[in-house]
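Summary of the model geometry
Spelled out, the chains give:
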Amino acid sequence: MAQQTVQLERESKEELRVVGKQVARVDGFEKVTGKAIFAYDMELPRMLHGKIHRSRFAHAEIVSINVERALEVPGVYAILTGADVPDGLRGRGLLDMPILARGKVRYVGEPIAAIAAESLDAAEEASDLIEVEYKELPALFDPEESLKQNPKVVIHPDIGKYKRLKAQMYKTVADPTRPNITNYFKIRRGDVDKAFREADLIVENRFSTHMVQHAHIEPIAVLSRYEPDGSFTLWTSGQNTYRTRRELSDALKVPETKIRVIAMRHVGGGFGNKGAGHIEPIVACLAQKTRRPVKMILTRDEVFGATSVRHPSITYIKDALKRDGTILGRQMKVIYNGGAYSLAGNVVNKNCAHAITSVYKLPSLKADIYRVYTNQVQGGAFRGFGSPQAVFAVESQMDICARELHLDPIEFRKKNLIEEGGTSALGEKLRNVTIRECIDRVVQDAKNSSFPQIQGKWKYGTGYAISKEQCDVSFPSIAYAKLLEDGSVEIWTSATDPGEGIHTVLSQIAAEVLLIGIEKVRLVLSDTALTPVGTGASGSRQTSQMGMAVKLACENLKEKMMLTASKKLGVEKSDVAFEIRQNAPGIVSKSSGGFLEYKDLFSPGPMGGAFIPGEGTIIGQAFWLPKTGDLDPETGQCSTDRAAAYYTPVAQAARVAVNLETGRILVLEYIGALDVGKAINPMNVLGQNEGAISMGLNGAMNEEMVLVNGRVLNPDLKDYKLQSIMEYFPIKSIILENYNPDGPFGARGCGEAPISPVAPALANAVYDAMGIRIKDLPITPEKILVAIGDLSSKQR
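Not measured: the values here are computed from a predicted model.

Quick word on the overall build of the protein
Within the protein one finds 17 helices and 35 strands. Structurally, the protein occupies a C-alpha span of about 95 × 70 × 55 Å along its principal axes. Relative to its full complement of 796 residues, the protein shows a buried share of 64%. Looking at the protein alone, contacts between residues at least 24 apart form 79% of all its contacts between residues at least 6 apart. Taking the average location of the 97 positive side-chain charges in the protein and that of its 94 negative ones, the two points are 3 Å from each other.

Topic: the sheet that holds strand β3 (residues 60-66)
The strand order across the open sheet built from 3 strands is β6-β3-β8, with neighbouring strands paired in antiparallel fashion. Looking at strand neighbours, the two that pair on one side only are β6 (104-105) and β8 (131-136), the edges of this open sheet. Of the pairings in the sheet, the one linking β3 to β6 comprises 2 bridges and is antiparallel in character. When the bridges of β6 are listed, Glu61 appears paired with Lys104.

Things to note about the pattern of salt bridges
Across all of its chains, the model carries 43 salt bridges by this definition. Between Glu395 and Arg413 there is a salt bridge, with the nearest N and O atoms lying 2.7 Å from each other. Taken together, the residues span a long stretch of sequence, with Glu395 in helix α10 (residues 387-404) and Arg413 in helix α11 (residues 409-415) at a distance of 18 residues. The exposure class of Glu395 is buried, given its relative accessible area of 1%. The salt bridge partner of Asp768 is Arg403, with a shortest N-O separation of 3.8 Å. You can see Asp768 sitting in helix α16 (residues 758-770) and its partner Arg403 sitting in helix α10, a full 365 residues away along the chain. What you see here is one network of salt bridges that share partners, running through Glu395, Asp399, Arg403, Arg413, Asp768 and Arg773.

Thoughts on the sheet that holds strand β26 (residues 584-589)
Taken in spatial order, the 3 strands of this open sheet run β25-β26-β27, and their pairing is antiparallel. Because the sheet does not close on itself, it has two edges, and the strands there are β25 (576-581) and β27 (595-597). Between one strand axis and the next, the sheet turns through 35° on average, direction left out of account.

Comments concerning the packing of helix α6 (residues 241-252) against helix α7 (residues 280-290)
Where α6 meets α7, the axes come as close as 9 Å, and the angle between the chain directions of the two elements is 60°. Taken together, the axes of α6 and α7 are oblique relative to one another. In terms of crossing hand, the pair formed by α6 and α7 is right-handed. Mapping the contact onto sequence places Thr244, Leu248, Ala251 and Leu252 in α6 and Glu280, Pro281, Ala284 and Cys285 in α7. For the contact of α6 with α7, the per-class residue count stands at 6 nonpolar, 1 polar and 1 charged.

Overview of the environment of Thr182
Note that Thr182 resides in strand β10 (residues 181-189). The exposure class of Thr182 is buried, given its relative accessible area of 0%. Spatially, the C-alpha atom of Thr182 lies 42 Å from that of Gln508, the residues being 326 residues apart in sequence. Apart from the residues within four sequence positions on either side, Thr182 is in contact with Leu94, Arg164, Ser342, Asn346, Arg371, Val372 and Tyr373.

Some points on the pairing of strand β19 (residues 365-372)
The buried fraction of β19 is high, at 7 of 8 residues. Relative to β19, β10 runs antiparallel, the two sharing 8 bridges. Bridge pairing in β19 places Ile181 opposite Val372. As defined by bridge partners, strand β18 (residues 327-337) adjoins β19 across 8 bridges and the pair is classed as parallel.

Some words on a nonpolar patch on the surface
A cluster of nonpolar side chains, Val706, Val708 and Leu713, forms an exposed patch at the surface whose accessible area comes to about 230 Å². Residue position: Val708 is located in strand β33 (residues 707-708).

Points about the packing of aromatic side chains
A full pass over the atoms with the stated rule returns 9 aromatic pairs. When the ring of Phe207 is compared with that of Phe392, the centres are 5.9 Å apart and the planes differ by 80°; the resulting orientation is edge-to-face. Within this pair, whereas Phe207 is found in strand β11 (residues 201-209), its partner Phe392 is found in helix α10, the two being separated by 185 residues in sequence. Comparing Phe207 with Phe392, the two get one shared label, buried. Over the ring of Tyr77 we find Arg292; its NZ or CZ atom is 4.7 Å from the centre of that ring. Over the face of the ring belonging to Phe196 we find Lys318, whose NZ or CZ atom lies 4.8 Å from the ring centre.

Focus on the nonpolar core
With 95 residues, the main nonpolar core has Ile187, Ile356, Ile369, Tyr670, Leu697 and Ile779 as its most contacted residues. With residues near it in sequence (within four places) discarded, Ile187 still touches Ala353, Ile356, Thr357, Leu365, Lys366, Ala367, Ile369, Ala425, Leu426, Thr635, Gly636 and Gln637. Counting 46 residues, the second largest nonpolar core, distinct from the first, contains Leu16, Val489, Ile516 and Ala553.

Looking at the confidence of the model for the protein
Here the protein shows a mean pLDDT of 95. Residues at 70 or above account for 98%. Counting interchain partners and residues more than four positions distant, the pLDDT-below-50 stretch residues 1-5 has 14 contacts. Contacts from residues 7-11, a stretch scored under 50 in pLDDT, to residues over four places away or in other chains number 18 contacts.

Some remarks on helix α3 (residues 120-129)
Buried within α3 we find Ala122, Ala123, Ala126, Ser127 and Leu129. Around the axis of α3, the buried residues are gathered within 160° of arc, so they sit on the same side. Seen from the open side of α3, the exposed residues pointing more than 90 degrees away from its buried face are Asp121 and Asp128. As for α3, its buried residues are in contact with β2 (48-54), β3, α2 (68-71), β4 (76-81), β7 (111-117) and β8.

Some thoughts on the side chain of Asn337
Mapped onto the elements, Asn337 comes out in strand β18. Filtering out sequence-adjacent residues up to four positions away, Asn337 remains in contact with Phe141, Pro143, His311, Pro312, Val372, Thr374, Gln376 and Gly379.

Concerning the packing of α10 against α16
For any two helices packed against each other, one specifies the crossing angle of their axes together with the interaxial distance. Running from amino to carboxyl end, α10 crosses α16 at an angle of 30°, the nearest separation of the two axes being 8 Å. On the basis of the axis angle, α10 is roughly parallel to α16. In this structure, the crossing between α10 and α16 has a hand that is right-handed. Between α10, through Val391, Phe392, Glu395, Ser396, Asp399 and Arg403, and α16, the contact on the second element is made entirely by Ala759, Pro760, Ala763, Asn764, Tyr767 and Asp768. Here the residues of the contact of α10 with α16 sort into 6 nonpolar, 2 polar and 4 charged.

Conventions used here
The residue numbers shown here count from 1 along each chain, following its written sequence. It should be noted that, the model being predicted, local features are given only for residues of pLDDT at least 70 and side-chain atom pairs only at 80 or more, the latter also being counted only at that level, while totals for whole chains, interfaces and linings use all residues. Side-chain metrics in this entry use all non-hydrogen atoms of the structure; hydrogen atoms and water are not considered. Under the DSSP-based scheme used, a helix requires at least four consecutive residues in state H or I and a strand at least two consecutive residues in state E, with every element numbered from the N terminus. Relative accessibility decides the category of a residue: with a 1.4 Å probe and only protein chains considered, values under 20% of the type maximum give buried, values over 50% give exposed, and everything between is partly exposed. The contact criterion used is simple: two residues touch if any of their non-hydrogen atoms lie within 4.5 Å. In this count, Lys and Arg are taken as positive residues and Asp and Glu as negative ones, while His and the chain termini are left out. Charged groups are reduced to one reference atom each: NZ for lysine, CZ for arginine, CG for aspartic acid, CD for glutamic acid. Two strands are counted as paired when DSSP detects at least two bridges linking them. Salt bridges are defined by distance alone: a side-chain nitrogen of Lys or Arg within 4 Å of a carboxyl oxygen of Asp or Glu. Angles run from 0 to 180 degrees between N-to-C directions of axes, and those axes are lines fitted to C-alpha atoms, restricted for helices to the stretch in contact. Note on terminology: angles under 35 degrees are roughly parallel, angles over 145 are roughly antiparallel, angles of 65 to 115 are roughly perpendicular, and the others are oblique. Crossings are assigned a handedness: left-handed for a near helix turned anticlockwise from the far helix by less than a right angle, right-handed for a clockwise turn. Gly is put with the polar residues, along with every residue not named as nonpolar or charged; the nonpolar set is Ala, Val, Leu, Ile, Met, Phe, Trp, Tyr, Cys and Pro, and the charged set is Asp, Glu, Lys and Arg. A residue counts toward a patch only above 30% relative accessible area and without a salt bridge, and it is joined to like-charged neighbours within 9 Å or, for Val, Leu, Ile, Met, Phe, Trp and Tyr, to nonpolar neighbours within 5 Å. For the area figures, the Shrake-Rupley method with a 1.4 Å probe applies, and any residue is considered shielded solely by the protein chains shown. The pairing test for Phe, Tyr and Trp rings, Trp by its six-membered ring, is centres within 6.5 Å, and the orientation test on the planes gives stacked under 30 degrees, edge-to-face over 60, and tilted for anything in between. We count a charge as sitting over a ring when the NZ of a lysine or the CZ of an arginine lies within 6 Å of the ring centre and within 35 degrees of the ring normal. Definition of nonpolar core: a set of buried residues of the types Ala, Val, Leu, Ile, Met, Phe, Trp, Tyr and Cys, connected through side-chain atoms within 4.5 Å. pLDDT runs from 0 to 100 and stands for how confident the predictor is about each residue. Throughout, the arc means the angular range of directions from the helix axis out to the C-beta atoms.

Structure follows, in structure tokens:
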């Protein structure tokens, strides 16, 4: 893999000791030596093993369930069905999912019964012996049919009775005439009809994206224990402990305070799929029934077929253009295929709204964004969460429009960019706009590269795409910083680390503020019984938002330390300052020169330990939640001039070769620029940029979940085509650092942003090489060969 990084100077010139340095990952030694413990590895005394019996039909009534033979299997302790568990519903925004199916199944793989046994073999044997009598119902797989006012199938007839959460991110337009809509969001800006009347050119297209799986290496794993006081403790491989606790509370119908959720220090990837609680309520019910700890690990088949996927989508886009390249107006209809239940999926609509409005000036915009039910595995959070689907349509359309106007695609984009202080179609004022700089750096590097000549019949092309990823502020971030008697510091947060390196980033931030080495920072990890409310790994916000909370908590701790030191030194607080002497950080009196190391603030305890006289201990704390306005789901207009915490801009170029005989695509070089504000850990940033690009390209070229009658035909890593290291390609990362005032030391989030422009950059490169426009993902050799044949027929 060829790699080159261009690091530009940031606006802030402050000298930093730890932040901005490529320090080793704080969890790296455990991982490379095989000592890291994941939820998959957890065991407790007297632990039972859980297994789920799942639906064989996409849509059916459950006539009867017979578990008698299954209960006779030696070692089986309990079998639960929908009648044996609480009838609470759960979901994010729309509460529609039962713990176990009750009367009806809505997708192949839906949980019907759960088994707890002494061994996994016994649990699996019992699952095979459960007999379910079904009455098969018509199933619905077409999202456009599902959207109709009188669809052939109504998947949730009781949707009007379901509880909807009132948080801003879940707001929806009510449309009872369309019973399969889970969420509907509108954007109305300007006079679209007038724009099309005055247009010199109208360009209209339809695009679609396919179903993709997260393919995280660690399967979903949960261990639950029912406590003597009637509470629940769960250890999970999840990304968000507080969100999981809330979903458990809704499902089990018990107070959140009776549920403790602990995230493991090590999580083997997630990419959004572990942000929702898939099996936690089931495992909790088994533990309650048996009064023994129960552990459940999903197989790869179950992860693929019964958790969540990236939403397939259909997008209609129509542009009104002037001959000089000015966009007068745009009309869009976006349909996300949400599958059988909501999970976290209803957030996708709002994310789409940001994706289609944050880059270009759109004087008039009419957008209708839908998420609909179908009888298949549910769409959920996936890296970028709705943005890649929308950006594929928009950035492909931008290339098509430029070529229809006989304009350079880059100049066409630049002409229509929202500049600093400009207003988006959501009515927000955009700040810290640096996407033009990203574009210029990518174009410059692409023009300075030459294509290698490959033997055979190949054509070469370069495609560009740009986007911005919004940072959501729906969740507060709270952090505690506690000084210990040896001068080290504990940081208490609910951050989780599914691989992106947030534990290292937070340690760097704390070490920088407190003038200590990173080895002197200890993290107390996400545990709802110990750590304060926080977002967890979601929405690329941990570095910027939890990082800001940690920075402020450490600054608050310093203020308290100065007050304690001033008393001990016998001076006013204004007379003391922080200083490092002989590699030891401490507090000095500016007048007397007296110096105290951090450990000197403590007095020894009479029977061990240490304390601070008159105070006991010193703890800094901070709360961070940037203030943004609300979006009106009827118009998309923001109640203030700020709709997001910030946006991370991205520009990319794909340089490809396409084989005329086989349709094979070779990615010769990929160039990706993004502005991260400040790279707290440059190596982490490189990993996120390269990982997102690789994930995006593999999803655009190779990956596709194949469904027939709702059943996944390739639910494992043998048949699902993931890219191997042998197919890797050179990535050039260009990391810009323009200070962002809403992040610690100027940082922005960057984990999701680079995935969004990847598919359109590839599609645009294929067109540049071949004159072939692929509008339906994935872009496969078969589709290219068909398109070559169609092109040849037209030319004849």
